[in-house]
Amino acid sequence: MASGIKISDVTEATLGYVACCAQAEESAEEGQAAKLHEDWLRKTLTRGGMWTKVALDGSTPVGFLFLVPMERTSWYIKGEGLSTIQCLNVEDAYRGQGIGEMLLDAAEASARRHTGGIAVIAYDPSSWFMPASFFRAQGYAEVERRGSSVLMFKSFAEDARAPRFVERHYKPPRTIPGKAIVEAFWSPQCLTTALDIVHVRKVCAEFGEDVILRELNAGMPGMRERFGIPRTLYI
């Protein structure tokens, strides 16, 4: 295990680090996306069932994990009385030192009394982001697989039911003569999808009234069940 690393709950001082997913903001678009993500985090941190853990080397954040109730996630999974890991990230220079395991242990300790289990969409193959091999080593079992996406689960209760992927349901909109219709599924829960929508808004604005942009926030109630789409662009 890493020496000198401490795990704490997110604070005002570390919220910006989590919001930008440990990445430097190198453009105005990245700054706008981080603001969308930070606003969402700030609103949800006070709600029950939401935990954000930060790994600190002294006062410097070097990794984070955030966990939300499954009914609030924008990811295409469903389950009852469960939580889901939205993101787990450790700085490159600190990987291989057990910090991911420390973050996960801290999140599980906080959530255990409030949830029937924790689900995560991991990836296989993946050499760095949410690898299935890491979660498997921490006791998470594979439930279902779609391509490289692996739904994994750790139960905390005997009667907990395993989560499942939500099927995609999408019907293209009716065409409008002389107009291009863009339907963008995104969510402020994820910095990457927030950056997607910032870019899409900018491009669509360049075409003025020739383009109709319809934004669909995958994190809004009912959207996951209705569409099962967390991040996609349809034109």
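Computed from a predicted structure; not experimentally measured.

Brief notes about the layout of surface pockets
Okay, so step 1: The calculated volume of the largest pocket comes to roughly 580 Å³.
Okay, so step 2: Elements represented by at least two residues in the lining of the largest pocket include exactly β5 (83–90), β6 (117–123) and α5 (191–206).
Okay, so step 3: In the lining of the largest pocket, the residues fall into 16 nonpolar, eight polar and four charged.

With respect to the sheet that holds strand β7 (residues 141–146)
Okay, so step 1: The strand order across the open sheet formed by seven strands is β1-β2-β3-β5-β6-β8-β7, and the pairing between neighbours is mixed. Looking at which strands have only one partner, the edges of the open sheet turn out to be β1 (5–9) and β7. Direction aside, neighbouring strands of the sheet carry axes that sit 25° apart on average.
Okay, so step 2: Bridge analysis of β6 against strand β8 (residues 149–155) gives seven bridges, and the strand direction is antiparallel. Its bridge partner being in β8, V120 is matched across the sheet by M152.
Okay, so step 3: Packing of helix α1 (residues 12–19) onto the sheet brings it into contact with β2 (51–57) and β3 (60–69), and relative to β3 it is tilted by some 80°.

Parameters and conventions
Numbering of residues starts from 1 in every chain and runs along the sequence as written. Local features in this predicted model are restricted to residues whose pLDDT is 70 or higher, and side-chain atom pairs enter the listing and the counts only when it is 80 or higher, whereas totals over whole chains, interfaces and linings include all residues. Side-chain metrics in this entry use all non-hydrogen atoms of the structure; hydrogen atoms and water are not considered. Cavity: a set of points on a 1 Å grid over the protein atoms alone where a 1.4 Å probe fits but cannot get out. Pocket: an open set with protein on both sides within 12 Å along at least five of seven lines, its lining residues, like those of a cavity, having an atom within 4 Å of a point. Grid points are joined across faces, edges and corners, and a volume is the space filled by probe spheres set on the points. By the criteria applied, helices consist of DSSP H or I runs no shorter than four residues and strands consist of E runs no shorter than two, each listed in order from the N terminus. Throughout this entry, Asp, Glu, Lys and Arg are counted as charged residues, while Ala, Val, Leu, Ile, Met, Phe, Trp, Tyr, Cys and Pro are counted as nonpolar. The remaining residues, Gly among them, count as polar. Pairing between two strands is assigned when DSSP locates at least 2 bridges connecting them. To get an axis, a line is fitted to the C-alpha atoms, and for a helix only the part in contact is used. The angle between two axes follows their N-to-C directions and goes from 0 to 180 degrees. Residue contacts follow a heavy-atom distance rule, with two residues in contact if any of their heavy atoms lie within 4.5 Å.

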